[in-house]
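Commentary on secondary and tertiary structure
Residues per chain are reported as follows:
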Amino acid sequence: MDFRRLVAERMIIMSFQAKQWTLCACHGSSFEILTRYTSQMMSGKIRCAHLLCKHAKSRNPESRRTGESTKEIPVEDAHKELQKFIDEFKGLEGQKLVDAFCAAAQKRSDCGSYKSGGDLGNFTRGMMQKAFEDAAFALEVGQMSGIVDSDSGSHLILRIA
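All of the points below concern the structure found in this document. Note that this is a predicted model, so its numbers are computed, not measured.

Another point: the overall build of the chain. Across its full length, the chain holds five helices and six strands. Reading the secondary structure of the chain in the N-to-C direction produces α-β-β-α-β-α-α-β-α-β-β. For the chain, restricting intrachain contacts to residue pairs at least 6 apart in sequence, the fraction spanning at least 24 positions comes to 53%. When the accessible area of the chain is evaluated, it comes to approximately 9800 Å², of which 53% is carbon and sulfur surface.

What follows is the structure, given as structure tokens:
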């Protein structure tokens, strides 16, 4: 069997994620493969909001909210600011936590998602930076992370679905 035929029979392009085509080895009919893949993807989807504080070590040290540079902000200052939010949210849960978190993200986050209260929408593994993804997928629905550092800056993450 030649390589092209093997690829045609055993491989199918499953999804376009994170600007890359993901090739998945498959067996069975295309319908079965797509059904299995869709159910796996739906069960692997989560939704989070985050509050990002960019700082001097951020890969793009410019706030999407203000347009100002964050090159002069030490990492420690970003962490102190996020710790204040952690303290502010202590004791909140459920919708009260979601409302307070999203209001704070709208007022303070340096990510463009500040416009939607930090809501990043639904995502699956492989779509976010590794440190962020690992922290987000470790959370239960309604749970907030501690401070998470990624190439983008320092985050608080709230899993909302």
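We now examine helix H3 (residues 75-89). Look at H3: 21 Å from first C-alpha to last across 15 residues, which is about the 21 Å you get at 1.5 Å a residue. Residues of H3 that are buried include every one of Val75, Ala78, Leu82, Phe85, Ile86 and Phe89, and no others. The buried side chains of H3 occupy one side of the element, clustering within an arc of 105° when seen end-on. Across H3 from its buried face, at more than 90 degrees, point the exposed residues Glu76, Lys80 and Lys84. Against strand S3 (46-53), helix H4 (94-108) and strand S6 (153-159) lie the buried residues of H3. Phi turns positive, to about 85°, at Gly91, one or two residues after H3.

Within the secondary structure, Phe85 is located in helix H3. For Phe85, a relative accessible area of 12% corresponds to the buried category. Considered as a pair, Phe85 and Ala104 are 19 residues apart in the sequence and their alpha carbons are 8.0 Å apart. Those residues in contact with Phe85, other than ones at most four positions away along the chain, are Leu51, Ala104, Arg108 and Leu156.

Our next topic: the nonpolar core. Core analysis: the biggest nonpolar cluster contains 14 residues, and Leu51, Phe85, Phe89, Phe101 and Leu156 have the highest contact counts within it. Of all the elements in the fold, those that place two or more residues in this core are S3, H3, H4 and S6. The dominant element in this core, judged by the number of residues it contributes, is H3, at five residues. Non-local contacts of Leu51, meaning those with residues more than four positions away in its chain, are made with Leu82, Phe85, Phe101, Ala104, Ala105, Arg108, Ser109, Ser154, His155 and Leu156.

Moving on to the pairing of S6. Burial analysis of S6 places seven of its seven residues in the buried class, the great majority of the element. Pairing between S3 and S6: six bridges, direction antiparallel. Within S6, the residue paired with Cys53 across the bridge is Ser154. Adjacent in sequence and paired antiparallel, strand S5 (residues 148-150) and S6 are bridged by two residues.

This next bit is on the environment of Tyr114. Positionally, Tyr114 belongs in the loop between H4 and strand S4 (119-123). When its relative accessible area of 18% is taken as the criterion, Tyr114 is described as buried. Considered as a pair, Tyr114 and Ala103 are eleven residues apart in the sequence and their alpha carbons are 9.0 Å apart. With sequence-adjacent residues up to four places away left out, Tyr114 is seen in contact with Arg64, Arg65, Ala105, Gln106 and Ser109.

With that settled, consider the layout of surface pockets. Quantified by volume, the largest pocket comes out at close to 360 Å³. As for the largest pocket, its lining consists of 18 residues, and the residues nearest its centre are Arg59, Cys111, Met128, Gln129 and Ser152.

Next up on the list: the packing of aromatic side chains. Across all of its chains, the model carries four aromatic pairs by this definition. Between Phe123 and Phe132, the aromatic rings sit 6.3 Å apart at their centres with planes inclined by 50°, giving tilted as the arrangement. Judged by its relative accessible area of 1%, Phe123 is buried. A residue is classified by how much of its surface remains accessible, and Phe132, at 4% relative accessible area, is buried. Between Phe123 and Phe137, the ring centres sit 6.0 Å apart and the planes meet at 80°, which makes this aromatic pair edge-to-face. Placement of Phe123 in strand S4 and of Phe137 in helix H5 (residues 130-138) is noted, with a sequence separation of 14 residues between them. One aromatic cluster in this structure is built from Phe85, Phe89 and Phe101. Above the ring of Phe137, the side-chain terminus of Arg125 is found at 4.2 Å from the ring centroid.

About the cut-offs
Residues numbered from 1 in each chain as written. Predicted model: local features only at pLDDT ≥ 70, side-chain atom pairs only at ≥ 80, totals over all residues. Heavy atoms only, no water. Helix = DSSP H or I, 4+ residues; strand = E, 2+ residues; numbered from the N terminus. Contact = heavy atoms within 4.5 Å. Areas by Shrake-Rupley, 256 points an atom, 1.4 Å probe, with all protein chains shown as cover. Expected span 1.5 Å × (residues − 1). Buried < 20%, exposed > 50% of the residue type's maximum accessible area, 1.4 Å probe, protein only. Arc of directions from axis to C-beta. Core = buried A, V, L, I, M, F, W, Y, C linked by side-chain atoms within 4.5 Å. Pairing = 2+ DSSP bridges. 1 Å grid on protein atoms, 1.4 Å probe; cavity = no way out; pocket = protein on both sides within 12 Å on 5 of 7 lines; lining within 4 Å. Points joined across faces, edges and corners; volume = space filled by probe spheres on them. Phe/Tyr/Trp six-rings, centres within 6.5 Å; stacked < 30°, edge-to-face > 60°. Lys NZ or Arg CZ within 6 Å of the ring centre and 35° of its normal.

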